[in-house]
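Chain by chain, the residues run as shown.
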Amino acid sequence: MVKHRSSRIPKEPKPEPEDTFPEAVLPLRAGLPSEWNESGFDGAKEEEEEEGESTDLCAELKEQEETLVLLVDHYVNEVERLRLSVAHYQKELTEMERRLHESEAKLARVRSRNKVVSSQRDSRRSIFEEALAQQISDKSPEPGHEETSPRKRKSKQILVIPDVPVPPSFKKVSASIQGPECSSMTGANLASTRHFESPILNRAENSYGDPPDHGPIRSQASGIKRKKVCREHKELIPSVSTWSSPHLFHCHSSIHIPSQHKKKLRCLSLCPTNDRLFITSALDGIVNLWQLQDKGSGAMCLNDIECLTPKLRRWPEDIAWHPAGGMLFAVYNADAGEHQISIIDYNKKNRHRLTFLQCKPHSKGLINNILFMPWDDSDVYFATGCSDHSVFLWKDSENNSWEPSILHRNLHTSAVMGVAGLQQKKIVMSVGSDKRIIGYDVDGKRELYKYLIEARCMSVLPNPRDFNLFMVQTAAPQKQLRLYDIRLKPKELHEFGWTQESSESQSALINQAWSPDGLYIASGSADPKIHIFDIRYNAKWPSQSVQAHQKRVLKAVWHSSIPVLTSISSDLHIGLHQIS
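It should be emphasised that the depicted structure is a prediction, and the values quoted were computed from it without experimental measurement.

Caption draft 1: Geometry of the overall build of the protein chain. Within the protein chain, the secondary structure is distributed over 5 helices and 28 strands. Within the structure as shown, the protein chain displays about 33,900 Å² of accessible surface, and the carbon and sulfur contribution to it stands at 54%.

Written out as structure tokens, the structure is:
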């Protein structure tokens, strides 16, 4: 049997399905676009890939953001470190500059002292040589003249001027009187001198060997205008706020005497020709004339005069001495058509001493300030500032009559609280409650400059030695006093003040005074203290405070001939503070 090889017929390969979509998706295929039918879900895959790429990009951006945050933090720390370094080196630079200025000032003082010592040595040597030559010439007689014996020579007689007998009531107040508790005995000693007319008004005390001063009272009686003694300009502005420590005074003793006023005190002013004479005024309308005794150990009341207005009986708001002495000028309330200016002439008898000017230029309100101008002029001027926003300049004319002229009425929008004149140029400064400081050119009849600060102004006071420096009192707590240079733009040189413990309100009745050398300011305060400021001290608080009275101190003034500060207070006492 023959076996046949079976031939296996290969099967045809199954065609691969064109589409691998599930059956549930096939009914939807007919409605898809042709490109979808051909490529399937390739677009969906690309979309997934794009989403993956965007996720990677977000992660990368987040990483970059974290890196930049760390970099910014690093740079912030570096900037802060460098800023601290700059501040440190700036402080070091300021300290080195201050030490340099102090060393230069000490060097200048030492050199000037050496010059003075050498000049004194040379002068003593020349005097000694002249005396020796004179002695030799005296011992060798001239030919033809007989030598005179020293016993036969007559010594030169010294002219002795007998003193004017002083009444017992003018004996000095005992120096042992200390404080207000002993004021009754002091008042008894002084009360007997109030109505005594004494020739002491026409002569100055000579306890220090000074030449007798016949000026302050007689100068105006003769009708001759005395030429004002002008001090030389001294540059003090470069030394403002340059010292790290102040120069301090030592207060040896404080003597309090009763003011002999029945109401609160208002004014205190020194005589410009004899600073041992001063006046006080109060709300009772009485003006007392005082004289210091024995280096400030006491004071006598030489005269009193009532200065109330005739109709409404108003008291003086402010008082100023005439530059030649002997006369006082007082200002009043300008309401109701009352007299605005009065003159007290101590050269006349009691009943003729007080006169009122008939001119009434101010329209209303208080005349807050009166001050004579320091100009080198044959005529005498004084300025007044009033609550009616106006400033008037008064000029002396014949027969002691004064003519007012308006400087400005619209430059201030509120009450004018203080006026002053500059030494080197005819400029009248005024400050007001509108926070403005105005400088008015009298010759040019125009506003020269205007400062506007953040607090209301209450007074202005030029420096007595540096004619470009002036002080403004403001109502800002702890920044009551500001220093300015008239040559600069409205910018403060320095500011300082004090903290009041008894009251936060700033009173316009509290005033300041410059020392004669222009380096210190004495100020009253609502606390019973006298604050002393050294303008060279770079701090913003008082360089020294003196406990002076029982109630608020209104004003303290410096005497140039005696180391004494005189103050007035609401406790109705006058304080005499001996300092060195």
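Back to the write-up after that little detour.
Caption draft 2: Just the sheet that holds strand β26 (residues 553-558), in detail. Here 4 strands make up an open sheet; going across it, the order is β1-β28-β27-β26 and the pairing antiparallel. Of all strands in the sheet, those with a lone pairing partner are β1 (251-258) and β26, marking the two edges. On average, each strand axis in the sheet is tilted by 20° relative to the strand beside it, whichever way the strands run. Bridge count between β26 and strand β27 (residues 564-569): 5 bridges; the pairing is antiparallel. Counted as the bridge partner of alanine 556 is serine 567 from β27.

Caption draft 3: Structural context of unusual backbone geometry. With a phi close to 55°, arginine 313 is a non-glycine residue in the positive phi region. Examined against the element boundaries, arginine 313 turns out to sit in the loop between β5 (298-306) and β6 (318-321). In this structure, glutamine 478 takes a positive phi of about 65° despite not being glycine.

Caption draft 4: Quick look at the side chain of aspartate 534. Along the chain, aspartate 534 falls in strand β24 (residues 529-534). Those residues in contact with aspartate 534, other than ones at most four positions away along the chain, are Trp243, Pro246, His247, Leu519, Tyr520 and Ser543.

Caption draft 5: Molecular detail of a negative patch on the surface. A grouping of Glu47, Glu48, Glu49, Glu50, Glu51, Glu53, Asp56, Glu60, Glu63, Glu65 and Glu66 is seen on the molecular surface, where their side chains present a negatively charged patch. One can find aspartate 56 in helix α3 (residues 42-139). Judged by its relative accessible area of 52%, aspartate 56 falls in the exposed class.

Caption draft 6: Spatial organisation of the packing of aromatic side chains. Counted according to the given criterion, the structure contains 21 aromatic pairs. Geometrically, the ring pair formed by phenylalanine 470 and tyrosine 484 is stacked, given 5.5 Å between the ring centres and 20° between the ring planes. Of this pair, phenylalanine 470 sits in strand β19 (residues 469-474) while tyrosine 484 sits in strand β20 (residues 481-485), placing them 14 residues apart in sequence. Judged by its relative accessible area of 0%, phenylalanine 470 is buried. The interplanar angle of 20° and the centroid separation of 5.0 Å between the aromatic rings of phenylalanine 496 and phenylalanine 533 together place this pair among those described as stacked.

Caption draft 7: Layout of the environment of leucine 366. Mapping leucine 366 onto the fold places it in the loop between β9 (354-356) and β10 (367-372). Owing to a relative accessible area of 31%, leucine 366 belongs among the partly exposed residues under this scheme. Here the alpha-carbon distance between leucine 366 and aspartate 388, two residues 22 residues apart in the chain, equals 8.0 Å. Sequence-distant contacts of leucine 366, that is, excluding residues within four places in its chain, are made with Glu317, Tyr332, Asn333, Gly385, Cys386 and Ser387.

Caption draft 8: Local environment of a nonpolar patch on the surface. A contiguous nonpolar patch, built from Leu68, Leu71 and Tyr75 and spanning about 300 Å² of accessible area, is present on the exposed surface. Take tyrosine 75: it is sitting in helix α3. Residue classification places tyrosine 75 among the partly exposed positions, given a relative accessible area of 48%.

Caption draft 9: Fine view of the nonpolar core. If you look at the biggest cluster of nonpolar residues, it comprises 45 residues, and the most contacted ones within it are Phe278, Leu483, Ile521, Ile530, Ile535 and Trp558. Counting residues in each nonpolar core, the second largest holds 18 residues, with Cys271, Leu277, Met300 and Phe356 among its members.

Caption draft 10: Highlighting the sheet that holds strand β17 (residues 446-452). Spatially, 4 strands are ordered β14-β15-β16-β17 in an open sheet, and the strand pairing comes out antiparallel. In this open sheet, the two strands that pair with only one neighbour each are β14 (416-421) and β17. Ignoring strand direction, the axes of neighbouring strands in this sheet form an average angle of 20°. Sheet analysis places strand β16 (residues 436-441) next to β17, joined by 6 bridges and oriented antiparallel. Following the sheet pairing, tyrosine 440 is matched in β17 by glutamate 447.

Caption draft 11: Geometry of the pattern of salt bridges. Counted by the stated rule, this structure contains 17 salt bridges. For arginine 83, the salt bridge is made with glutamate 80, and the minimal N-O distance between the two is 3.1 Å. Taken together, the residues arginine 83 and glutamate 80, both in helix α3 and 3 residues apart, mark about one turn of the helix. Across the pair lysine 479 and glutamate 454 runs a salt bridge, and its minimum N-O distance is 3.8 Å. Of the two residues, lysine 479 is situated in the loop between β19 and β20 and glutamate 454 in the loop between β17 and β18 (457-462); the sequence distance between them amounts to 25 residues. When its relative accessible area of 30% is taken as the criterion, lysine 479 is described as partly exposed. Several salt bridges converge on common partners, so that one network encompasses Glu454, Lys479, Arg482, Glu492, Glu495 and Lys540.

Caption draft 12: Main features of the pairing of β18. Two elements, β18 and β19, share 5 bridges in a ladder whose sense is antiparallel. By the bridge assignment for β19, cysteine 457 is matched with threonine 474. Once β18 ends, the chain turns through 6 residues before running back antiparallel as β19.

Caption draft 13: Highlighting the side chain of histidine 408. Residue position: histidine 408 is located in strand β13 (residues 402-408). Residue classification places histidine 408 among the buried residues on the basis of a relative accessible area of 6%.

Caption draft 14: Layout of the confidence of the model for the protein chain. In this model, the protein chain carries an average pLDDT of 79, and 72% of its residues clear a pLDDT of 70 or more. Per-residue pLDDT stays below 50 along residues 1-7; that stretch engages in 0 contacts with residues further than four places along the chain or on separate chains. Taken together, the stretch residues 139-216 has pLDDT below 50 and engages in 104 contacts with residues farther than four places along the chain or on a different chain.

Reading the values: the criteria
- Residues numbered from 1 in each chain as written.
- Predicted model: local features only at pLDDT ≥ 70, side-chain atom pairs only at ≥ 80, totals over all residues.
- Heavy atoms only, no water.
- Helix = DSSP H or I, 4+ residues; strand = E, 2+ residues; numbered from the N terminus.
- Areas by Shrake-Rupley, 256 points an atom, 1.4 Å probe, with all protein chains shown as cover.
- Pairing = 2+ DSSP bridges.
- Axes fitted to C-alpha atoms, helices over the stretch in contact; angles between N-to-C directions.
- Contact = heavy atoms within 4.5 Å.
- Patch = residues over 30% accessible without salt bridge, like charges linked within 9 Å, V, L, I, M, F, W, Y side chains within 5 Å.
- Salt bridge = Lys/Arg side-chain N within 4 Å of Asp/Glu carboxyl O.
- Lys, Arg positive; Asp, Glu negative; His and termini not counted.
- Charge placed at Lys NZ, Arg CZ, Asp CG, Glu CD.
- Buried < 20%, exposed > 50% of the residue type's maximum accessible area, 1.4 Å probe, protein only.
- Phe/Tyr/Trp six-rings, centres within 6.5 Å; stacked < 30°, edge-to-face > 60°.
- Core = buried A, V, L, I, M, F, W, Y, C linked by side-chain atoms within 4.5 Å.
- pLDDT = per-residue confidence, 0-100.

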